[in-house]
Amino acid sequence: MIKIVNYGLGNIEAFYNIYKRLNIEVGVATQAEELKGADHLILPGVGSFDYAMNCLNRSGMRETLDRMVLEENVPVIGICVGMQMMAKRSDEGKEPGLGWFDAEVLKFNAESLLVPEMGWNSVEHSDDPIFAGLPASPRFYFLHSYYFKCNNRKDVIGTSDYGHTFDSAVRHGNIYGIQFHPEKSHSNGVRLLQNYANI
């Protein structure tokens, strides 16, 4: 069963409804006990980095998530701020991130760009199974003012351009992160979420 981690942030209902339409078993976890039985995890996120980290830390699920992801190798995908939380740190705040990637989150240069990036952008991706059946440069919906910079380039499976090239999809073993919103990206997003369920 896919479990969506509900720590108070993210489009929980949208993910839930997509998987229900796909006839894929899905549930929502609001406490550590409810994470049991998950064979896939979704870590959504919206808003600021520090607020999201504080919400997750207060939820009582942080320790269980670390164990499931890092020790039991349960697949997890972080989405938008959920992806950024997987880095070590962010320019947006002072709280340490989850540190699941050797990465940092940096601010777009607002002097040369309209920030946030809001709207459709393409992703140049590798042949990772999460992109199976998608075109070479699928378009997804983005909404962010900060971007993910992965220090281990082997972990990068997708990049996008907004003023410069940034990492829009990453993978380290069982851990995925995507900067865009698949739940707002129509058929491409639905296909990606279906692919994730099959990994």
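Nothing here was measured: the structure is a model prediction, and the numbers come from that model. (Residues numbered from 1 in each chain as written. Predicted model: local features only at pLDDT ≥ 70, side-chain atom pairs only at ≥ 80, totals over all residues. Heavy atoms only, no water.)

Peer 1: With reference to specific residues and values, describe the overall build of the protein chain.
Peer 2: Within the protein chain one finds five helices and 13 strands. For 199 residues, the compact-globule formula gives about 16 Å, and the C-alpha radius of gyration of the protein chain, at 15 Å, lands near that figure. Burial analysis of the protein chain (199 residues in total) assigns 52% to the buried set. Of the contacts made within the protein chain by residues no fewer than 6 positions apart, 69% connect residues no fewer than 24 positions apart. (Helix = DSSP H or I, 4+ residues; strand = E, 2+ residues; numbered from the N terminus. Rg over C-alpha atoms; globule rule 2.2 N^0.38 Å. Buried < 20%, exposed > 50% of the residue type's maximum accessible area, 1.4 Å probe, protein only. Contact = heavy atoms within 4.5 Å.)

Peer 1: Explain the packing of helix H1 (residues 12–21) against helix H5 (residues 186–198) to me, using residue names and the numbers behind them.
Peer 2: In the contact formed by H1 and H5, the axes pass within 11 Å of each other and the chain directions differ by 75°. When the interaxial angle is binned, H1 and H5 end up roughly perpendicular. Between H1, through Phe 15, Ile 18 and Tyr 19, and H5, the contact on the second element is made entirely by Val 190, Leu 193, Tyr 196 and Ala 197. Taken together, the residues of the contact of H1 with H5 sort by class into seven nonpolar, no polar and no charged. (Axes fitted to C-alpha atoms, helices over the stretch in contact; angles between N-to-C directions. Parallel < 35°, antiparallel > 145°, perpendicular 65-115°, else oblique. Nonpolar A, V, L, I, M, F, W, Y, C, P; charged D, E, K, R; others polar.)

Peer 1: For helix H3 (residues 62–71), give the residues involved together with the corresponding values.
Peer 2: Among the residues of H3, Thr 64, Leu 65, Met 68 and Val 69 are the ones counted as buried. For H3, the buried positions fall inside an angular range of 115° around the axis, keeping them on one side. Facing away from the buried side of H3 by over 90 degrees, the exposed positions are Glu 63 and Glu 71. Contacts made by the buried residues of H3 are with strand E1 (2–5), strand E3 (40–43), helix H2 (49–59), strand E4 (76–79) and strand E13 (175–178). Trailing H3 by a residue or two, Asn 73 shows a phi angle of about 60°, which is positive. (Arc of directions from axis to C-beta.)

Peer 1: I'd like a rundown of the pattern of salt bridges, residues and numbers included.
Peer 2: Going through the model one piece at a time under the given rule, you end up with eight salt bridges. With a shortest N-O distance of 3.3 Å, Lys 36 and Glu 33 are connected by a salt bridge. Judged by relative accessible area, which is 52%, Glu 33 ranks as exposed. A salt bridge links Asp 128 to Arg 171; the shortest N-O distance between them is 2.8 Å. Here Arg 171 lies in strand E12 (residues 165–172) and Asp 128 lies in the loop between strand E8 (124–125) and strand E9 (139–144), a separation of 43 residues in the sequence. Where salt bridges share partners, they join Arg 89, Asp 91 and Glu 104 into one cluster. (Salt bridge = Lys/Arg side-chain N within 4 Å of Asp/Glu carboxyl O.)

Peer 1: Residue-level account of the packing of aromatic side chains, with values.
Peer 2: Applying the stated criterion across every chain yields a total of ten aromatic pairs. Ring centres 5.6 Å apart and planes at 85° place the aromatic pair Phe 108 and Phe 166 in the edge-to-face group. Of this pair, Phe 108 sits in the loop between strand E6 (103–107) and strand E7 (117–122) while Phe 166 sits in strand E12, and the two are 58 residues apart along the sequence. Neither residue differs from the other here; Phe 108 and Phe 166 are each classed as buried. Between Tyr 147 and Phe 166, the ring centres sit 6.4 Å apart and the planes meet at 55°, which makes this aromatic pair tilted. Taken together, the residues span a long stretch of sequence, with Tyr 147 in strand E10 (residues 146–150) and Phe 166 in strand E12 at a distance of 19 residues. Like Tyr 147, the residue Phe 166 is buried in the burial classification. An aromatic cluster of at least three residues, connected via ring pairs, comprises Phe 108, Phe 140, Phe 142, Tyr 147, Tyr 162, Phe 166 and Phe 180. (Phe/Tyr/Trp six-rings, centres within 6.5 Å; stacked < 30°, edge-to-face > 60°.)

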